[in-house]
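Close look at the chain arrangement
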Amino acid sequence: MISPVWLLDVDGVLNATRPGWGAAPRSGIAVSDGVAYRIRWAPALVSRLRALHSSGLVVMRWCTTWCADAEQIERLFGLPPLERAWTHPISSVQAPAVKLAAARAVVAEGRRLIWTDDEVVPVGGPVFEELSGNGLLIAPKPGRGLQPEHLDAIEAFCSL
């Protein structure tokens, strides 16, 4: 079976002001284009990401304005280098179209899609219908990011 591709955003998905998960969040600094940003995350969430990546059940692919600087996020989270949907810097204005193109490219590859993004993932309508037929789309609350029930759904989807 071919593993699904997980398009993974950072801000509002992994980087959240109140991530929860039953423990105090960790925080650190990541630099993009010479600007330092505070990143906050739930250690238990990152542990589950590492486990999923190691399992081979899913191909994790950054799909974020952080793609050009994803090594900063990987360093903070202790993740190995992950695939990137693109490698060049993009602006927040460009991001919605570029992210949607990345999701459509996964589907065009004939792969199952997991897409987690707090701003761009559609929650209804024709694009949702187009992408959810063979995919799992999750739009977490930006202040909370991904929660345990989201990871449960992702793990279940990967095991299909």
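Figured I'd write up the structure that's included with this text. Every chain's residues receive numbers from 1 upward, in the order its sequence appears when written. Thresholds applied to this predicted model are a pLDDT of at least 70 for local features of residues and 80 or more for the giving and counting of side-chain atom pairs; totals over whole chains, interfaces and linings are not thresholded and use all residues. No hydrogens and no water enter the side-chain calculation; it runs on all heavy atoms of the structure.

Each pair of aromatic rings taken from Phe, Tyr and Trp, with Trp reduced to its six-membered ring, is defined by centres within 6.5 Å and is described as stacked if the planes are under 30 degrees apart, edge-to-face if over 60, and tilted in the remaining cases. The full count for this structure, using the stated rule, is two aromatic pairs. Centroid distance Tyr37 to Trp66: 5.7 Å. Interplanar angle 80°. Geometry classified as edge-to-face. Taken together, the residues span a long stretch of sequence, with Tyr37 in strand S3 (residues 35–41) and Trp66 in the loop between strand S4 (59–62) and helix H2 (70–77) at a distance of 29 residues. Tyr37 sits in the partly exposed class, given a relative accessible area of 39%. Think of it this way: any DSSP run of H or I at least four residues long counts as a helix, any run of E at least two long counts as a strand, and we number them from the N terminus. Buried, partly exposed and exposed residues are distinguished by accessible area as a fraction of the type maximum, computed with a 1.4 Å probe on protein chains only: under 20%, between the cut-offs, and over 50%, respectively.

Let us now look at the nonpolar core. Side chains that are nonpolar tend, in soluble globular proteins, to be buried together. Core analysis: the biggest nonpolar cluster contains 49 residues, and Trp6, Trp62 and Trp115 have the highest contact counts within it. It is helix H3 (residues 95–108) that contributes the most residues to this core, five residues altogether. Among the buried residues, those of types Ala, Val, Leu, Ile, Met, Phe, Trp, Tyr and Cys that are joined through side-chain atoms within 4.5 Å form a nonpolar core.

Looking now at the environment of Ser92. As for its placement among the helices and strands, Ser92 is situated in the loop between strand S5 (83–84) and H3. By relative accessible area, Ser92 is classed as exposed at 62%. With 27 residues separating them in the primary sequence, Ser92 and Thr65 have C-alpha atoms 6.8 Å apart.

Note that Cys158 resides in helix H5 (residues 148–158). Classification of Cys158 by relative accessible area gives buried; the value is 2%. Distance in space between the C-alpha atoms of Cys158 and Gly22 is 25 Å, their sequence separation being 136 residues. When checking whether two residues touch, look at their non-hydrogen atoms; a contact exists if any pair is within 4.5 Å. Those residues in contact with Cys158, other than ones at most four positions away along the chain, are Pro4, Leu57, Val58, Arg112 and Ile114.

The next point concerns unusual backbone geometry. Within the chain, Trp21 stands out as a residue other than glycine whose phi angle is a positive 75°. Of note, Trp21 is situated in the loop between strand S1 (5–8) and strand S2 (26–32). Judged by relative accessible area, Trp21 falls into the buried class, the value being 18%. A positive phi angle, close to 50°, is found at Asp33, a residue other than glycine. The exposure class assigned to Asp33 is exposed, which follows from its relative accessible area of 76%.

The buried fraction of H2 is high, at six of eight residues. For H2, the full list of buried residues reads Ala70, Gln72, Ile73, Glu74, Leu76 and Phe77. Here the buried face of H2 lies against S2, S3, helix H1 (43–55), S4 and S5. Downstream of H2 by one or two residues, Gly78 has phi in the positive range, about 70°.

The next subject is the sheet that holds S1. Pairing is parallel in the open sheet, where five strands are placed in the order S5-S4-S1-S6-S7. The open sheet has two edge strands with one neighbour each: S5 and strand S7 (135–138). Relative to strand S6 (residues 113–116), S1 runs parallel, the two sharing four bridges. Looking across to S6, one finds that Trp6 is bridged to Ile114. Each axis is a line fitted through C-alpha atoms, and for a helix only the stretch in contact is used; angles between axes span 0 to 180 degrees, taken between their N-to-C directions. Here H3 sits on the sheet in contact with S1, S4 and S6, set at roughly 165° to S6. Any two strands with at least two DSSP bridges between them are considered paired.

Attention now moves to the pattern of salt bridges. By definition here, a salt bridge exists when the distance from a side-chain nitrogen of Lys or Arg to a carboxyl oxygen of Asp or Glu is within 4 Å. Evaluated as defined, the whole model comprises nine salt bridges. For Arg48, the salt bridge is made with Glu155, and the minimal N-O distance between the two is 2.8 Å. Pair noted here: Arg48 is in helix H1 and Glu155 is in helix H5, with a separation of 107 residues, a long-range link. Here Glu155 falls in the partly exposed class, since its relative accessible area comes to 27%. Across the salt bridge formed by Arg84 and Glu74, the nearest N and O atoms sit 3.3 Å from each other. Of this pair, Arg84 sits in strand S5 while Glu74 sits in helix H2; the two residues are ten residues apart in sequence, bridging distant segments of the chain. With relative accessibility at 24%, the residue Arg84 sits in the partly exposed group.

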